[in-house]
Amino acid sequence: MLTSRTSRDRGRTRAGTWIGTFTVAALAAFTLTAAPARASTAPPTPPSLPAPAAAPSDGRALWCGYYSGTAPVSRGDSGNEVREVQCLLRRCGYDVPVDGLFGAGLEAVVKRFQRDHGLAPDGTVSPGTWQALRKCGTTAAA
């Protein structure tokens, strides 16, 4: 049974051995740092996507925040360039996931976008397609 400690009992262990304040602090620090990390059972949370920016009112091209260039992007590519394509397609009204993977499904949507906007439907997002995507994104959000 634990009882309240008196000033005479401070620093004394249950066995009656005296220990100093420094020892107590060192033991507490060791216990906190030496405790094994518990494995989390929750799945890792995916990185959050940037919020869509408001369309500029001065006619500037819009971008989603993943990539601002115009290098060609095609099937088999992955990364931020592909995320930018996917995000811009979503802003233009095309239902695609923003996962950064350019597969057959995204290629089909890019071809449909190109046909819808009077471009050659080759499935590659080249500078002309980038321009149309960014222009569509500004008019869709306005």
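Right above here is the structure, for reference.
Quick caveat: nothing in here was measured; it's all calculated off a predicted structure.

*Asks:* What is the right way to read the packing of aromatic side chains from this model?
*Replies:* Where two aromatic rings form a pair, the distance of their centres and the angle of their planes describe that pair. Taken as a whole and assessed by the stated rule, the structure comprises 2 aromatic pairs. On the basis of an interplanar angle of 50 degrees and a centroid distance of 5.4 Å, the ring pair of Tyr67 and Trp130 is categorised as tilted. Note that Tyr67 is positioned in the loop between helix H1 (21-34) and helix H2 (80-91) and Trp130 in helix H4 (residues 127-141), a separation of 63 residues in sequence. Residue classification places Trp130 among the buried residues on the basis of a relative accessible area of 0%. Ring geometry for Tyr94 versus Phe113: centroids 5.6 Å apart, planes at 75 degrees, classification edge-to-face. In this pair, Tyr94 sits in the loop between H2 and helix H3 (104-116) while Phe113 sits in helix H3, placing the two residues 19 residues apart along the sequence.

*Asks:* Looking at this model, I keep getting lost on the state of the cysteines. Mind explaining?
*Replies:* One covalent bond between the sulfur atoms of two cysteine residues makes up a disulfide. Counting across every chain of the model gives 2 disulfides. With its sulfur 2.2 Å from that of its partner, Cys64 forms a disulfide with Cys87. Negative torsions about the S-S bond denote left-handed disulfides, and the value of about -90 degrees found for Cys64 with Cys87 makes this one left-handed. Taken as a pair, Cys64 in the loop between H1 and H2 and Cys87 in helix H2 lie far apart in primary sequence, 23 residues in all. Judged by its relative accessible area of 5%, Cys64 falls in the buried class. The side chain of Cys92 participates in a disulfide bridge whose partner is Cys136; the two sulfur atoms lie 2.3 Å from each other. Of this pair, Cys92 sits in the loop between H2 and H3 while Cys136 is found in helix H4, placing the two residues 44 residues apart along the sequence. Cys136 gets classed as buried once you look at its relative accessible area, which sits at 11%. In the protein, the bonded cysteines, numbered by position in the sequence, are linked as 1-2, 3-4.

Procedures and definitions
- Residue positions are counted from 1 within each chain, in the order its sequence is given.
- Where local features are concerned, this predicted model is filtered to residues with pLDDT of at least 70; where side-chain atom pairs are given and counted, the filter is 80 or more; whole-chain, interface and lining totals use all residues.
- Derived side-chain values reflect all non-hydrogen atoms in the structure, with water molecules and hydrogen atoms excluded from consideration.
- Stacked, tilted and edge-to-face pairs are distinguished by plane angle, under 30 degrees for stacked and over 60 for edge-to-face with tilted covering the rest, among Phe, Tyr and Trp rings (Trp via its six-membered ring) whose centres lie within 6.5 Å.
- Each helix is a run of H or I in the DSSP string that is no shorter than four residues. Each strand is a run of E no shorter than two, and both are numbered from the N terminus.
- Partly exposed residues are those whose accessible area sits between 20% and 50% of the maximum for their type, while under 20% is buried and over 50% is exposed, using a 1.4 Å probe and protein chains only.
- To count as a disulfide, a pair of cysteine sulfur atoms needs to be within 2.5 Å.

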